[in-house]
Amino acid sequence: MTDQPEPAPYPDALKAELLEIALDAAARAGAFLRDGRPEDLGVAATKSSAVDVVTEMDIASEKMITGLLADRRPDDGVLGEEGASVEGSSGVQWVIDPIDGTVNYLYGLPSWAVSIAARVHGETVVGVVYAPVRGETWRAVLGDGAFLNDRPLHVRPAPALGLALVGTGFGYLAERRARQAEVVRELIPQVRDIRRGGSAAIDLCDVATGRLDAYYERGLNPWDYAAGDLIAREAGALTGGRPGERLSPDLTVAAPSGLFELLQGRLEELGAWHD
Ligand code: IPD
Ligand code: CA
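Reading the values: the criteria
Residues numbered from 1 in each chain as written. Chains lettered and ligands numbered in written order. Predicted model: local features only at pLDDT ≥ 70, side-chain atom pairs only at ≥ 80, totals over all residues. Heavy atoms only, no water. UniProt positions renumbered as here; feature names shortened; annotations may be inferred. Pairing = 2+ DSSP bridges. Helix = DSSP H or I, 4+ residues; strand = E, 2+ residues; numbered from the N terminus. Axes fitted to C-alpha atoms, helices over the stretch in contact; angles between N-to-C directions. Contact = heavy atoms within 4.5 Å. Salt bridge = Lys/Arg side-chain N within 4 Å of Asp/Glu carboxyl O. Buried < 20%, exposed > 50% of the residue type's maximum accessible area, 1.4 Å probe, protein only.

- The name an unreviewed UniProt entry assigns to the protein chain is Inositol-1-monophosphatase, from the organism Streptomyces poonensis.
- Taken directly from UniProt, the Sequence similarities (unreviewed entry) text for the protein chain runs: "Belongs to the inositol monophosphatase superfamily."
- Of the comments in the UniProt record for the protein chain, the one headed Cofactor (unreviewed entry) reads "Mg(2+)".

Now the structure itself:
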């Protein structure tokens with residue numbers, strides 16, 4: 001009997017189809033958001049607090065994406081930030097943030113993105129993050145690398161913690177932010193500097209692109225990190241939560257090996273995973 005190679009876990013045709021759909025949906029929603037942003041854009045609703053806003057455009061973008069998915073792959077599940085929730089029967093689940101960086105979008109700042117991930121039986125196999133005003137599309141397919149537009153990506157070599165440029169973000173609840181500020185107060189003298197970009201999806205892609213050495217945040221939801229996590233990992237980053245754990249709403253950390261362990265350890269000491 002001859003040794004058979006391990007079967008590929010996901011057929012190439014499925015990965016290619018999911019990538020093509022994710023790119024198409026992100027391109028359409030992104031162009032709609034960029035070109036259709038009203039001058040007098042207002043807040044349609046608030047969620048966890050008065051500063052956790054939803055605009056009419058978040059809702060319209062999510063509808064546009066879920067409509068396209070329902071046409072192209074009617075048996076798939078969907079989880080979206082603005083409430084889309086479909087169980088599905090195919091084993092594929094789409095995880096959607098129709099605008100990540102809603103506050104940037106509201107204020108006319110350029111760093112916001114449409115984030116779309118496809119999971120197969122719970123594992124993310126495709127991630128697309130499209131930042132229309134920046135003209136940047138990040139994409140990754142599990143095992144096939146990460147790209148910015150058509151440029152293959154690789155993280156920066158790990159610097160010492162003291163030389164690391166570290167991105168982070170803050171939640172919408174006042175008590176959580178107060179705690180997050182305490183963590184930053186401890187961390188900032190120990191790193192090169194801190195950045196707060198306003199879109200977790202772009203922050204993860206910035207690690208993939210070598211524009212940040214590392215990124216961490218407490219309190220993200222799957223739609224914030226699903227696509228960016230795969231893009232960062234496919235560019236060579238390690239991602240996780242507390243030591244030994246996968247990334248989760250408790251904590252998300254991304255950095256190249258060598259820096260990842262130091263930052264994750266420091267965040268554990270600082271209790272960055274709790275309010
Ligand atoms: C937020 C952004 C922000 C992060 C928040 C997220 P939204 O998502 O990713 O950078 O700090 O934790 O909730 O509300 O703009 O979709
Ligand atoms: Ca988000």
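Re the sheet that holds strand S12 (residues 193-195)
Okay, so step 1: The five strands lie next to each other as S12-S11-S13-S15-S14, forming an open sheet whose pairing is mixed. The sheet terminates laterally at S12 and strand S14 (237-240), the two strands that pair on one side only. Neighbour to neighbour, the strand axes of the sheet diverge by 20° on average, direction disregarded.
Okay, so step 2: Across three bridges, the pairing between strand S11 (residues 165-167) and S12 is parallel. Residue pairing across strands places Leu165 opposite Asp193, the latter belonging to S12.
Okay, so step 3: Contacting S14 and strand S15 (252-256), helix H6 (residues 222-234) runs over the sheet at an angle of about 145° to S14.

Overview of the sheet that holds strand S8 (residues 136-141)
Okay, so step 1: Read from one edge to the other, the open sheet built from eight strands follows the order S4-S3-S5-S6-S7-S8-S9-S10, with strand pairing classed as mixed. The sheet terminates laterally at strand S4 (85-86) and strand S10 (151-152), the two strands that pair on one side only.
Okay, so step 2: Helix H2 (residues 56-72) contacts strand S3 (77-80), strand S5 (92-100) and strand S6 (113-120) of the sheet and is inclined by roughly 155° relative to S5.

Focus: the pattern of salt bridges
Okay, so step 1: Evaluation of the coordinates by the stated rule reveals 24 salt bridges.
Okay, so step 2: Across the salt bridge formed by Glu136 and Arg211, the nearest N and O atoms sit 2.7 Å from each other. Separated by 75 residues along the polypeptide, Glu136 in strand S8 and Arg211 in the loop between helix H5 (200-209) and strand S13 (214-217) bring together distant segments of the chain.
Okay, so step 3: Residue Arg211 is classed as partly exposed on the basis of its relative accessible area of 35%.
Okay, so step 4: We note a salt bridge from Arg218 to Asp275, for which the minimum N-O separation is 2.7 Å. Of this pair, Arg218 sits in the loop between S13 and H6 while Asp275 sits in the segment after helix H7 (260-270), and the two are 57 residues apart along the sequence.
Okay, so step 5: Residue Arg218 is classed as buried on the basis of its relative accessible area, which comes to 11%.
Okay, so step 6: Where salt bridges share partners, they join Glu20, Asp24, Arg28 and Arg72 into one cluster.

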